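# Fold and contact review
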Amino acid sequence: YEATQRAWIMIGRQRPGEIELGITEARRALAIAPDYAAAHALLALGQSIHFFASGDASLKPEVLRNIERALPFAQDDPFALSVFSVALARFGRAREALRQTQRAVQLNPNLGGAYGAMGFAQVMLGLNDESIASLDRNRRLAPGDFGSAPAAIYRATAHLQAGRVDEAGVDVLYAAGP
């Protein structure tokens, strides 16, 4: 559990150098508990972030394998479903990610991160107004968490895709912080 919490903090902040440490912590958690859904989901997410940040194409097969490994473990865990869904959406599987986040919300309608992940999948699908509604719910349920800045960027993207430049600017400023 502790290794998974460290992984979540390091991966969730999305800071260079910390993502790799978060991946190591997720692997440590899996060495202790091979069926731990949250650890599988965090490994998939961390690797997906690292893959896109590094541009290292050699990482892609392992990342995709770990995404597939995470799915069966995540089915009854709304946190794992939410985290795993972001990795799915990053690899062009936004429809599947949306289904998984809907399941996460069904399992726990008060989990802010589930709405953040849902909003990300929706913006990837061009469901801009739905995305904004999900991201607003995420902000109400989890104000100020370290997922707030990425969620504001997703919200800004939804506004831009809908042609609302001024609203997008407000969200970009929110993401930048004080």
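What comes next concerns the included structure. Counting from 1, residues in each chain are numbered in the order their sequence is written. Where totals are concerned, whole chains, interfaces and linings use all residues; where local detail is concerned, this predicted model gives features only for residues with pLDDT of at least 70, and gives and counts side-chain atom pairs only at 80 or more. To obtain the side-chain values, all non-hydrogen atoms of the structure were included, while hydrogens and water were left out.

## Regarding the layout of surface pockets
A volume near 430 Å³ is recorded for the largest pocket. We place a 1 Å grid over just the protein atoms. Points where a 1.4 Å probe fits but has no way out form a cavity, open points with protein on both sides within 12 Å along at least 5 of 7 lines form a pocket, and any residue with an atom within 4 Å of a point lines it. Considering the residues around the largest pocket, the lining is formed by 24 residues, among which Trp8, Val86, Gly113, Ala117 and Gly147 are closest to the centre. Only DSSP runs of H or I covering at least 4 residues are called helices, and only runs of E covering at least 2 are called strands; the numbering of each starts at the N terminus. Breaking the lining of the largest pocket down by element, the ones donating at least two residues are helix H1 (2–12), helix H3 (37–54), helix H5 (78–90), helix H7 (112–124) and helix H9 (148–161). If one sorts the elements of the lining of the largest pocket by residue count, H5 sits on top with 5 residues. When residue character is reported, Ala, Val, Leu, Ile, Met, Phe, Trp, Tyr, Cys and Pro are called nonpolar, Asp, Glu, Lys and Arg charged, and the others, Gly included, polar. Class assignment for the residues of the lining of the largest pocket results in 14 nonpolar, 8 polar and 2 charged. Grid points are joined across faces, edges and corners, and a volume is the space filled by probe spheres set on the points.

## As for empty space enclosed by the protein
Inspection of the entire model under this criterion finds 1 cavity of 30 Å³ or more. In this structure, the largest cavity spans a volume of roughly 60 Å³. Residue lining of the largest cavity: Leu135, Asn138, Arg139, Ala142, Pro143, Gly144, Ser148, Ala151, Ala152 and Arg155, and that is the complete set. Looking at the lining of the largest cavity, the elements that each hand over two or more residues are helix H8 (128–141) and H9. Sorting elements by how many residues they give to the lining of the largest cavity places H9 first, with 4 residues.

## Observations regarding the nonpolar core
A general trend in soluble globular proteins is that nonpolar side chains are found buried together. The nonpolar core is taken to be a set of buried Ala, Val, Leu, Ile, Met, Phe, Trp, Tyr and Cys residues, with the residues joined through side-chain atoms within 4.5 Å. Only protein chains enter the calculation, and the probe is 1.4 Å; a residue is then buried if its accessible area is under 20% of its type maximum, exposed if over 50%, and partly exposed in between. Ranked by internal contacts, the top residues of the largest apolar core, which has 48 residues, are Ile11, Leu42, Leu45, Ile67, Phe84 and Phe120. It is H3 that contributes the most residues to this core, 9 residues altogether. Note on contacts: a residue pair is in contact if any heavy atoms of the two residues lie within 4.5 Å. Filtering out sequence-adjacent residues up to four positions away, Leu45 remains in contact with Trp8, Ile11, Val83, Val86, Ala87 and Arg90.

## Focus on the packing of H3 against H5
Pairs of packed helices are described in terms of their axes, by the angle between the two and the distance that separates them. It is at 8 Å that the axes of H3 and H5 come closest, and there the two elements cross at 25°. When the axes of H3 and H5 are compared, the pair comes out roughly parallel. Judged by the twist between their axes, the crossing of H3 over H5 is left-handed. Two secondary-structure elements touch here, H3 through Ala37, Ala38, Ala41, Leu42, Ala44, Leu45, Ser48, Ile49 and Phe52 and H5 through Phe79, Ala80, Val83, Phe84, Val86, Ala87 and Arg90. Here the residues of the contact of H3 with H5 are counted per class, giving 14 nonpolar, 1 polar and 1 charged. With axes taken as lines fitted to C-alpha atoms, and helix axes fitted only over the stretch in contact, angles between N-to-C directions fall between 0 and 180 degrees. Oblique is the label for any angle not covered by the other classes, which are roughly parallel (under 35 degrees), roughly antiparallel (over 145) and roughly perpendicular (65 to 115). Should the near helix be turned anticlockwise from the far one by less than a right angle, the crossing is left-handed, and should it be turned clockwise, the crossing is right-handed.

## A few points about the packing of aromatic side chains
We call Phe, Tyr and Trp rings a pair once their centres come within 6.5 Å, taking the six-membered ring for Trp, and we label the pair stacked below 30 degrees between planes, edge-to-face above 60, and tilted otherwise. This structure, assessed with the given rule, holds 5 aromatic pairs. Centre to centre, the rings of Phe51 and Phe52 are 4.9 Å apart; their planes meet at 80°, and the pair counts as edge-to-face. On the basis of relative accessible area, Phe51 is assigned to the buried category, the value being 12%. Joined through ring pairs, the aromatic side chains of Phe51, Phe52 and Phe91 make up one cluster. Only when the NZ of Lys or the CZ of Arg is both within 6 Å of the ring centre and within 35 degrees of the ring normal is a charge said to sit over the ring. A cation over an aromatic ring shows up here: Arg139 above the ring of Tyr174, its NZ or CZ 3.9 Å from the ring centre.

## Considerations on the pattern of salt bridges
For salt bridges, the criterion is a side-chain nitrogen of Lys or Arg within 4 Å of an Asp or Glu carboxyl oxygen. Considering all chains together, one arrives at 10 salt bridges under this definition. Across the pair Glu62 and Arg27 runs a salt bridge, and its minimum N-O distance is 2.7 Å. Of the two residues, Glu62 sits in helix H4 (residues 60–74) while Arg27 sits in helix H2 (residues 18–32), which places them 35 residues apart along the sequence. With relative accessibility at 39%, the residue Arg27 sits in the partly exposed group. The partner of Asp171 in a salt bridge is Arg139, and the shortest N-O contact between them spans 3.6 Å. With Asp171 in helix H10 (residues 165–176) and Arg139 in helix H8, this residue pair connects regions lying 32 residues apart in the sequence. The exposure class assigned to Asp171 is buried, which follows from its relative accessible area of 2%. Residue Arg139 is classed as partly exposed on the basis of its relative accessible area of 28%. One salt-bridge network, in which partners are shared between bridges, spans Asp136, Arg139, Arg155 and Asp171.

These figures come from the coordinates and say nothing about function on their own.
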